[in-house]
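Fold and contact review
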Amino acid sequence: MPTSKRQVYDGAIYHIIQKGNNSQQLFETTEDYYKFISLIKRYKDKYSFELYNYCLMSNHIHFLMKVFKKEELAKLTQGIFQSYRFYFKQKYAYTGYLYQSRYKSKIVEKDEYLLECARYIETNPLRAKFIKVLKDYKWSSYAYYAYGEQNALLTPNPLYDIFGNAKKSREFYRKYVLMPRLYEDMIDDAFDI
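Here's a quick rundown of the structure. All figures in this text were calculated on a predicted structure; none of them were measured in a lab. (Residues numbered from 1 in each chain as written. Predicted model: local features only at pLDDT ≥ 70, side-chain atom pairs only at ≥ 80, totals over all residues. Heavy atoms only, no water.)

Section: the packing of aromatic side chains
Under the defined criterion, the tally for this structure stands at 24 aromatic pairs. Geometrically, the ring pair formed by F81 and Y99 is edge-to-face, given 5.6 Å between the ring centres and 65° between the ring planes. Within this pair, whereas F81 is found in helix α2 (residues 70–92), its partner Y99 is found in the loop between α2 and β4 (104–107), the two being separated by 18 residues in sequence. Note on accessibility: F81 and Y99 belong to one class, buried. Ring plane angle 90° and centroid distance 4.8 Å describe the contact between Y144 and Y145, whose orientation is recorded as edge-to-face. A relative accessible area of 1% places Y145 in the buried class. Here the basic side chain of K135 rests over the ring of Y147, its NZ or CZ set 5.3 Å away from the ring centre. (Phe/Tyr/Trp six-rings, centres within 6.5 Å; stacked < 30°, edge-to-face > 60°. Helix = DSSP H or I, 4+ residues; strand = E, 2+ residues; numbered from the N terminus. Buried < 20%, exposed > 50% of the residue type's maximum accessible area, 1.4 Å probe, protein only. Lys NZ or Arg CZ within 6 Å of the ring centre and 35° of its normal.)

Things to note about the side chain of N21
Relative to the helices and strands, N21 is located in the loop between β1 (12–19) and α1 (30–46). Residue classification places N21 among the buried residues on the basis of a relative accessible area of 17%. A polar atom in the side chain of N21 sits 3.5 Å from the backbone oxygen of Y97. Dropping the residues within four chain positions of it, N21 is found in contact with Y97, L98, Y99 and Q100. (Polar contact = N/O pair within 3.5 Å; in protein donor to acceptor, adjacent residues only side chain to side chain. Contact = heavy atoms within 4.5 Å.)

Examining the side chain of N151
Relative to the assigned elements, N151 resides in the loop between α5 (142–147) and α6 (166–178). Exposure remark for N151: the relative accessible area of 17% places this residue in the buried category. At 3.0 Å, the side chain of N151 forms a polar contact with the side chain of Y54. Once residues within four sequence positions are removed from consideration, N151 is found in contact with Y54, S140 and Y144.

A few points about the pairing of strand β3 (residues 60–67)
For β3, a buried count of 7 out of 8 residues is recorded, marking the element as mostly surrounded by other parts of the structure. Relative to β3, β1 runs antiparallel, the two being bridged by 8 bridges. Each bridged residue has a counterpart across the sheet, and for Q18 the counterpart in β3 is I61. Two elements, strand β2 (residues 49–56) and β3, share 7 bridges in a ladder whose sense is antiparallel. Residue pairing for β3: Y54 is matched across the bridge by F63. Joining the antiparallel neighbours β2 and β3 is a turn of 3 residues. (Pairing = 2+ DSSP bridges.)

Description of unusual backbone geometry
In this structure, A93 takes a positive phi of about 50° despite not being glycine. Looking at the secondary structure, you find A93 in the loop between α2 and β4. Positive phi is not limited to glycine here, since K129 has a value of about 60°. Summarising the element assignment, K129 is placed in the loop between α4 (124–127) and α5.

Structural data, given as C-alpha cells:
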C-alpha cells in the first residue's frame, strides 16, 4: 500500500513518532540514550527547529517540535534517525530494519492541543508502567517543565507561560500532567504504541 504524502509547511508544529521495528528496543543502555540526545543537539545546530517536548521510550520516540522551513523537516528527522541507526547497527552488529516504517507526523494546528500533546508525550513512561513517579524518568522533557531543570535541547512550549510565574507554572504543570484522561488508550491504539 503506498504511503500518503506528508503535510509540511513553514512554521508548522509536529508531533513526531518513530517506532522500533516489531516494537524492538531502540535503546539498550544509558549510553544509547545519551547518543540519541547528542544527535538531536547536533541537528539543532544545523537546522532551524524548536523542540518543545520529547520522550525517549525504550522502543519508540516522541517529539513535539516546530520546524521553520518545511524542506528541513525531512532532512533533520532523516539525519537524526539515520545517524542513530548507523550507531546502533555498528555498536550491536545489528542487521535488518531498526525502525518499523517511516516516522509518523501529525501537525498540531490548535493551541489547545499543543499543551495536551506535550502532556501525552511526557506521560508515556507512566502509561507503559516503566515508572511509578513521573519525576523518576530521565529521558523526557518533563523535569524541565515540572521542576525547572535545565535542558539545552528545549525551547519552552509556547503555552507553558499561561500558567503564571515560574514557580506557579511548575506547580500547575505537575497537576495538569497527572490529571487522568479518558482518551489516552485510544490515542495509544491509534499510534499503535
